[in-house]
Amino acid sequence: MRAASFARRCALATAVPVMLLLPRLAQACSVCSAGREDSQSGFIVGSILLSVLPPAFVGSVALWVRHRVRKLDAEEAAGLLRLPERSRAAGLRPGALAWHASVPASSPPRG
Amino acid sequence: MAVRTLPRLRDVSAGPPRRQIVPNSVFAMLIFVGTEMMLFAGFISAFTIMRSSAVFWPPPNQPRLPIAETAFNTAVLLASGVALFVARRAYRRGPDKLRKPFLAAMGLGALFVLLQGREWALLIAQGLTLQSSALGSFFYLIVGAHALHAICALGVLVYAWRRLQHGWLPPSVMGAAEVFWYFVVGIWPVIYWRVYL
């Protein structure tokens, strides 16, 4: 058991430097033109796009939510938010108070 | 001997109303848009690799993509996004001021879909099909996926319009429709840049 684990670790320790030193082997796959010079720019663009996009999107949403929290805090402090009773009277859920604070006052109730 | 008691659970329903920073529908739409963004990123990434490894590009004996006409389509779609942004600003002032820019956004979006359909018909008539070349396969896959999203987003806009016609457009519906339409508008220039140019 120990020998098998040791062998796996040795294989991993060998494979990682080989892939780092020989990137063309690492780029090889069965369905695309492996390691060709002219396809490397495509691999680079694809890698950058697929790596950057998820954190950029999640980060953008997080920043927007933080911006909304700060804006609502400021509106609450300035007394611009509607009272919960008014929201309830308009047929809205109490939890929707902050979002519906930006609704025009003339909006008719739902239902 | 002291008796240890379990801490009492807090009754959350008795507390003050919880602040909702983002409505559920808008947050769900954001998650959906995130997944669709990764789908398009995968398509565009695969297309870029295929294009960069091709010996001849565009493939010989295949029609060229209409760059100028699609640039006009792009302008139409961007104008639609601007109209929806104006509608959002008008939304705070009252439903009556919202109608015109909202209708303009829907009309421009529908015009974009119609012009894209016309472009597809011309390209198919010229011989660019799904099986004709790698360009055709990727073109119809990527642009077709975008057209499908544009049609679905138009459906959401029409739904929001109907709610407005019935007298009350909730901010959550407006927000979800906006997120979807801005995604359709925002991803198109990237597709145009990578596929057409």
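This is a predicted model, so every value here is computed, not measured.

Draft legend 1. Spatial organisation of helix α3 (residues 40–78) of chain A. All names here are of chain A. With 39 residues, α3 ought to run about 57 Å at 1.5 Å a step, and its terminal C-alpha atoms sit 56 Å apart, in line with that. The principal kink in α3, of about 30 degrees, is found at L53, preceding the proline P54 by one to four residues. Taken as a whole, α3 has its buried residues at G42, F43 and L72. Of the residues flanking the end of α3, it is G79, one or two places downstream, whose phi is positive at about 75 degrees.

Draft legend 2. Spotlight on the confidence of the model for chain A. All names here are of chain A. With 55% of its residues at a pLDDT of at least 70, chain A reaches an overall mean of 69. Mean pLDDT across the secondary structure elements of chain A bottoms out at helix α4 (residues 84–89), with 50, and peaks at α3, with 87. Under a pLDDT of 50 for its full length, residues 92–106 has, in the predicted model, 40 contacts with residues more than four places off or in other chains.

Draft legend 3. Quick peek at the confidence of the model for chain B. Considering every residue of chain B, the mean pLDDT works out to 88; 91% of them sit at 70 or more. Per the prediction output, this complex has pTM 0.74; the corresponding ipTM is 0.70.

Draft legend 4. Spatial organisation of helix α1 (residues 24–53) of chain B. In this model, α1(B) (30 residues) spans 44 Å end to end at C-alpha, consistent with the 44 Å of a helix rising 1.5 Å per residue. Every buried residue belonging to α1(B) is among B:V26, B:M29, B:L30, B:V33, B:F40, B:A41, B:I44, B:S45, B:F47, B:T48, B:I49 and B:S52, and all of these are buried. Looking at the buried positions of α1(B), the neighbouring elements they touch are α3 of chain A together with α4 (134–165) and α5 (171–196) of chain B.

Draft legend 5. A look at the environment of B:Y91. Residue and element names in this part refer to chain B. One can find Y91 in helix α2 (residues 67–91). Classification of Y91 by C-beta neighbours within 10 Å gives buried; the count is 23. It is 9.1 Å that separates the C-alpha atoms of Y91 and M174, two residues lying 83 residues apart in sequence. Y91 has contacts with L98 and M174, leaving out every residue within four places of it along the chain.

Draft legend 6. Summary view of the nonpolar core. Residues and elements named next belong to chain B. A105, L157, F180, W181 and V184 are the most contacted members of the largest nonpolar core, which has 43 residues in total. Of all the secondary-structure elements, those providing two or more residues to this core are α1, α2, α3 (95–126), α4 and α5. Among the elements that line this core, the one with the most residues is α5, at 12 residues. Not counting residues within four places of it along the chain, the set of residues in contact with W181 comprises G81, L84, A153 and L157.

Cut-off values and rules
- Residues numbered from 1 in each chain as written.
- Chains lettered and ligands numbered in written order.
- Predicted model: local features only at pLDDT ≥ 70, side-chain atom pairs only at ≥ 80, totals over all residues.
- Helix = DSSP H or I, 4+ residues; strand = E, 2+ residues; numbered from the N terminus.
- Expected span 1.5 Å × (residues − 1).
- Bend = angle between axes of the 7 residues up to and from the residue.
- Buried ≥ 20, exposed ≤ 12 C-beta atoms within 10 Å, placed from the backbone.
- pLDDT = per-residue confidence, 0-100.
- Contact = placed C-beta atoms within 7 Å.
- Core = buried A, V, L, I, M, F, W, Y, C linked by C-beta atoms within 7 Å.

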